[in-house]
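Each chain, written out:
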Amino acid sequence: MPSMEELRISATAGGAAGIAGIFITQPFDVLKVRQQLEGGRLARIARACVAQEGLLGLWKGLTMPCASSGVLNAALFASYETVMEELGDRTNVRNHAVAGAVAGVAATFVITPTELVKCIAQVDRAKPSLRTDMRIARTIVRREGPLGLMKGFCPTFVREVFSFALYFGVYEYLRQECGCGPLNAGGWAGVASWLFIYPMDTLKTQFQVTQQGSSTTFSSFLYSKLTRNGSVLSLHRSLFRGVVPCVLRAYPAHAVTFTAYEYFTQRRPAAASTGGMEFPLYAFCNSSIGAASTNGLASA
């Protein structure tokens, strides 16, 4: 099991890496969410957003994902590495998929409130503000109590378990069986996992945004969607709205994530400071702190 010190360092490292990735790819996420909810052409949605809300409108919903990035990465990678420790055989692709699924369970508890606030903020037509996310979170807690922040837990749970199983499984398969480097393997693993679970992501987003303050369950919401669309096939087609910006965001974001993952894993010996466990984000944090100190960015 990772120690508290390792978890602390994972949170710091994951937060630093996560914030950078979130900031760079946030416009694609905003466009994805709006297209999921409203439909329409991507270019029109982008133009309307910039015209009505300014360029910063493309970065709405940034605060919550950035604030939770460290905790999310700590939960995700600590769970993943712990399960891999128990399973033992790192050459077995199935083990990586199982570890990814377990990591998805842990990540769901962090991702659900983050996604809820983020999605609501992204469709808010007011001028962007760093306080918007916190205002939305306070409103939800005041109206529904703390558990109101867990709205959409079920679809998020399904999404994360399957996506992370596929994410880590595909990555290891491409690395071991196809000889891909971490850049391509990470990018295609991200694309594959998003394409597989994208309909569930659309349903999750629509449920969280359109059912604010409602006591409607996800199963009732899903039944009403099926009734309105007339058939599963018709519903399925509508659930892929917004997939283009999602894929455009997924490849570079996950390519960079796994390239850094592999780089810092190889740079730090497995036994160093981690009780023999290879803990990639631990190495990432130490290297980042060292780089920051060298550049005069770290405080004394």
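Residues numbered from 1 in each chain as written. Predicted model: local features only at pLDDT ≥ 70, side-chain atom pairs only at ≥ 80, totals over all residues. Heavy atoms only, no water.

Caption draft 1: Focus on the packing of helix α4 (residues 93-122) against helix α6 (residues 153-176). At a minimum axis distance of 6 Å, the contact between α4 and α6 shows a crossing angle of 145°. As α4 runs across α6, the sense of the crossing is right-handed. Tallied by class, the residues present in the contact of α4 with α6 amount to 14 nonpolar, 8 polar and 4 charged. (Axes fitted to C-alpha atoms, helices over the stretch in contact; angles between N-to-C directions. Helix = DSSP H or I, 4+ residues; strand = E, 2+ residues; numbered from the N terminus. Left-handed = near helix turned anticlockwise from the far one by under 90°. Nonpolar A, V, L, I, M, F, W, Y, C, P; charged D, E, K, R; others polar.)

Caption draft 2: Representation of helix α5 (residues 132-144) within the structure. A rise of 1.5 Å per residue sets the reference length of α5, with its 13 residues, at 18 Å; its end C-alpha atoms lie 18 Å apart and thus fit the reference within 8%. Every buried residue of α5 is accounted for by Thr132, Asp133, Ile136, Ala137 and Ile140. Around the axis of α5, the buried residues are gathered within 135° of arc, so they sit on the same side. The exposed residues of α5 that point more than 90 degrees off its buried face are Arg138 and Arg142. Where α5 is buried, its residues contact α3 (63-87) and α4. Following α5 by one or two positions, Gly145 adopts a phi angle in the positive range, close to 85°. (Expected span 1.5 Å × (residues − 1). Buried < 20%, exposed > 50% of the residue type's maximum accessible area, 1.4 Å probe, protein only. Arc of directions from axis to C-beta. Contact = heavy atoms within 4.5 Å.)

Caption draft 3: Broad picture of a nonpolar patch on the surface. A grouping of Val105, Phe109, Phe157, Val158, Phe162 and Phe196 is seen on the molecular surface, where their side chains present a nonpolar patch of about 550 Å² in accessible area. Every element with two or more residues in the nonpolar patch is listed here: α4 and α6. Tallying contributions element by element places α6 first for the nonpolar patch, with 3 residues. Along the chain, Phe157 turns up in helix α6. The class for Phe157 is partly exposed, based on a relative accessible area of 32%. (Patch = residues over 30% accessible without salt bridge, like charges linked within 9 Å, V, L, I, M, F, W, Y side chains within 5 Å. Areas by Shrake-Rupley, 256 points an atom, 1.4 Å probe, with all protein chains shown as cover. Salt bridge = Lys/Arg side-chain N within 4 Å of Asp/Glu carboxyl O.)

Caption draft 4: Broad picture of the pattern of salt bridges. Evaluation of the coordinates by the stated rule reveals 15 salt bridges. Put simply, Glu115 and Lys118 hold a salt bridge, and the shortest N to O gap is 3.8 Å. Of this pair, Glu115 and Lys118 both sit in helix α4, separated by 3 residues, roughly a single helical turn. With relative accessibility at 13%, the residue Glu115 sits in the buried group. For Lys118, a relative accessible area of 3% puts it in the buried group. Residues Asp124 and Arg135 are paired through a salt bridge, measuring 3.1 Å at the closest nitrogen-oxygen approach.

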